[in-house]
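# Observations on the model geometry
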Amino acid sequence: MTFGNLLITGGCGFIGSNFVRYWLEQHPESKVVVYDKLTYAGRKENLADLWDSPNLSLVVGDIGDMEAVRQACTEHQIDLIVNFAAETHVDQSILGPLVFTDTNVRGTHVLLEVARELGLRLHHISTDEVYGHIRDNHQSIETDELSPRSPYAASKAAADQLVQAYAITYGLSVTITRGANNVGPYQYPEKAVPLFSTNAILGEAIPVYGDGLQMRDYAHVYDHCTGIETVLLKGQIGEVYNVGTGREMTNLEMVDIVLDTLSKDHSLVRHVADRPGHDRRYSMNVNKLRGLGWQPRYDPRRAVAEAARWYADNRAWWEPIRSGEFRDYYDRQYAERLAGAKP
Ligand code: NAD
Ligand code: TYD
C-alpha cells in the first residue's frame, strides 16, 4: 500500500518530527503537510533542514478547529491523517488538566469528524499509559481493558475509544498504535530522560520521584517510527498495535545509564516527593506488531544511552529552551521538591 498526501498533526513535536523526517527519507514520492499548533512542545526548528523541501509544508493550527482542519485536508488533497498532536506530559496534566481534554479528546474527535466527512483514513498515536499500572507478571496486550490513572492517560484512553467507536459506528478506516516511553532526538526536556541528561550535563541535581523503582520500557523513537510505518503499510484496518521493546528497566537503572554515558557523578541523584498516582510499571507485549514483520533496532539500554549522548552533542537545541519559559515550569514542579530532597 502507498499513500500520496499525509497530514501529520503534531509534526513539530518530538515523535512527530522524527516521524516526518523518517517518512520523507523512506517515501520521497510522498507529500507531507505538518499541521501543528506550535505549543511550547512544538518547535519548527526540529525540522529546520527540511522546510525547503517541496514535499513538506506547514499549516499552523489547532486540531480542535474543524474548519481549519477541513481546509488543510481539502487544499492539500490529504489521503491519510496521522495524529501525533497532543498534550503529552503527565506532570503538566496534574498541574493543568483541562487542556488535555481539549486537545487529546475533543481535538481527536474533530479529526475523526473531518476524516468521516472526507472519507480519509486516520491513524491515531496512543500510549501504553492507557493500560494503567501493570501487575508484575503481566504484559499488556491490545485487547486488555483500559485503566488510565492520570489526567493525561485518561484523555488518551478517551481518544482511543472515540477512534474505535468511529470504526464500529461509521466504518471509518482507522488504526491505532500504543507506544512505550520514547527517547531520542528533539524530546522536550521536561520528560525524564532529556531532563536528567540536560541536568547532568549542567551539573544540576537529578530529581528521581520516590524510590525510583518504577518500571518503564524506554524505546528509541526510531523504532516507534518504523512501527507506525509498518502499521500504516501492513496493519489491519480497525486494529490496535503495541509498539515498544517489550523490556522494562527501573528509573534508577535508567539514571545510571544516563550518568555513566555522560561520565557524571551519581551524587547528583536526589530522591524527591513522588508524583501523585505514579504508575509503578508499564509493560507491553509487542508480538502483534512483530507478526507484521517489525522488530526494534534498539534495546532499552542502548536507546537511553544514545538519547543521553544526543543531548551532550546538541546543546544548541536545548539550551535556549531551558533558559526560557521552561524555567517557570521547572520552579513550580521542582523547587519545593528539591528543597526537601534526599540524596
Ligand atoms: P510532544 O509534546 O513533543 O509534541 C506534541 C505536538 O503536538 C507539538 O508539536 C504540539 O505543538 C502539538 N500540539 C499540541 N496541541 C495541539 C493542538 N491542539 N493542535 C495541533 N497541534 C497540537 O509529544 P510527543 O512526545 O512527540 O508525543 C506525540 C504523540 O505520541 C502524542 O499523541 C503522545 O500521546 C504519543 N506518545 C508519546 C510517547 C512519549 O514517550 N513521548 C509515548 C507514547 C505515545
Ligand atoms: P516521564 O518521562 O514523565 O514519562 P511517563 O510519566 O509518561 O512515564 O517519566 C518517566 C519516568 O520517570 C516516570 O516513572 C516518572 C519518572 N520521573 C522522575 O522520577 N523524575 C522526573 O523529574 C520526571 C519528569 C519523571
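None of the values given here were measured: they were computed from a predicted structure.

Counting across every chain of the model gives 17 aromatic pairs. Consider the rings of Y166 and Y170, whose centres lie 4.7 Å apart with planes at 55°: the pair is tilted. On the criterion of helical spacing, the pair formed by Y166 and Y170 is a turn pair, its members being 4 residues apart in helix 5 (residues 151–170). For Y166, a relative accessible area of 6% gives the class buried. Here Y170 falls in the partly exposed class, since its relative accessible area comes to 42%.

Let's shift gears to the site of ligand 1. Residues in contact with ligand 1 amount to 30 residues; listed here are only the nearest, I15, D36, T88, Y152 and K156. Between ligand 1 and the protein, one listed contact pairs a nitrogen atom with a backbone N or O atom of K37 at 3.1 Å. The separation between a nitrogen atom of ligand 1 and a polar side-chain atom of D62 is 3.0 Å. The protein chains hide 97% of the 840 Å² of surface that ligand 1 would expose on its own. Those elements that place two or more of their residues in the shell around ligand 1 are helix 1 (14–26), strand 5 (121–127), helix 5 and strand 7 (181–183). The dominant element in the shell around ligand 1, judged by the number of residues it contributes, is strand 5, at 3 residues.

Buried residues of helix 2 (residues 66–75): V69, A72 and C73, and no others. Mapping the buried residues of helix 2 onto a view down its axis gives an arc of 95°, with all of them on the same face. Residues of helix 2 that are buried make contact with strand 1 (5–9), strand 2 (31–36), strand 3 (56–60), strand 4 (80–83) and helix 4 (98–118). Positive backbone phi, at 45°, marks Q77, one or two positions downstream of helix 2.

Turning our eyes to something else, we now look at the packing of helix 1 against helix 7 (residues 221–234). Look at helix 1 against helix 7: their axes get within 9 Å of each other, and the N-to-C directions meet at 60°. Between helix 1 and helix 7, the interaxial angle falls into the category oblique. Considering only the axes of helix 1 and helix 7, their crossing is right-handed. Within the contact between the two elements, helix 1 uses F14, I15, N18, F19, Y22, W23 and Q26 and helix 7 uses V221, Y222, H224, C225, T226, I228, E229, L232 and L233. Considered class by class, the residues forming the contact of helix 1 with helix 7 number 11 nonpolar, 4 polar and 1 charged.

The positions UniProt marks with the feature "domain: NAD(P)-binding" (unreviewed entry) are residues 7–304. Between the C-alpha atoms that bound residues 7–304 there is a distance of 30 Å. The span itself is 39% helix and 18% strand.

What follows concerns the site of ligand 2. Close to ligand 2 lie 21 residues; E129, R216, R275, H278 and Y334 are nearest. In the model, an oxygen atom of ligand 2 is placed 2.9 Å from a nitrogen or oxygen of the N181 side chain. Y209 is positioned with one of its backbone polar atoms (N or O) 2.8 Å from an oxygen atom of ligand 2. Contributions of two or more residues to the shell around ligand 2 are made by helix 3 (90–95), helix 6 (192–202) and strand 8 (206–209). Considered class by class, the residues forming the shell around ligand 2 number 10 nonpolar, 5 polar and 6 charged.

What follows concerns the environment of E45. Inspection of the secondary structure puts E45 in the loop between strand 2 and strand 3. Take E45: its relative accessible area is 39%, and that puts it in the partly exposed class. Residues E45 and C12, spaced 33 residues apart in sequence, show a C-alpha to C-alpha distance of 8.0 Å. In terms of polar contacts, E45 uses its side chain to reach the side chain of R43, at 3.0 Å.

With that settled, consider the packing of helix 8 (residues 251–261) against helix 10 (residues 300–313). The contact between helix 8 and helix 10 brings their axes to 9 Å, and the two run at 45°. Considering the angle they form, helix 8 stands oblique to helix 10. Here helix 8 runs over helix 10; the crossing is right-handed. Along the contact surface, helix 8 presents M254, I257, V258 and T261, while helix 10 presents R301, V304, A305, A308 and R309. Across the contact of helix 8 with helix 10, the residue classes tally to 6 nonpolar, 1 polar and 2 charged.

Reading the values: the criteria
- Residues numbered from 1 in each chain as written.
- Chains lettered and ligands numbered in written order.
- Predicted model: local features only at pLDDT ≥ 70, side-chain atom pairs only at ≥ 80, totals over all residues.
- Heavy atoms only, no water.
- Phe/Tyr/Trp six-rings, centres within 6.5 Å; stacked < 30°, edge-to-face > 60°.
- Helix = DSSP H or I, 4+ residues; strand = E, 2+ residues; numbered from the N terminus.
- Buried < 20%, exposed > 50% of the residue type's maximum accessible area, 1.4 Å probe, protein only.
- Near = heavy atom within 4 Å.
- Polar contact = N/O pair within 3.5 Å; in protein donor to acceptor, adjacent residues only side chain to side chain.
- Areas by Shrake-Rupley, 256 points an atom, 1.4 Å probe, with all protein chains shown as cover.
- Arc of directions from axis to C-beta.
- Contact = heavy atoms within 4.5 Å.
- Axes fitted to C-alpha atoms, helices over the stretch in contact; angles between N-to-C directions.
- Parallel < 35°, antiparallel > 145°, perpendicular 65-115°, else oblique.
- Left-handed = near helix turned anticlockwise from the far one by under 90°.
- Nonpolar A, V, L, I, M, F, W, Y, C, P; charged D, E, K, R; others polar.
- UniProt positions renumbered as here; feature names shortened; annotations may be inferred.

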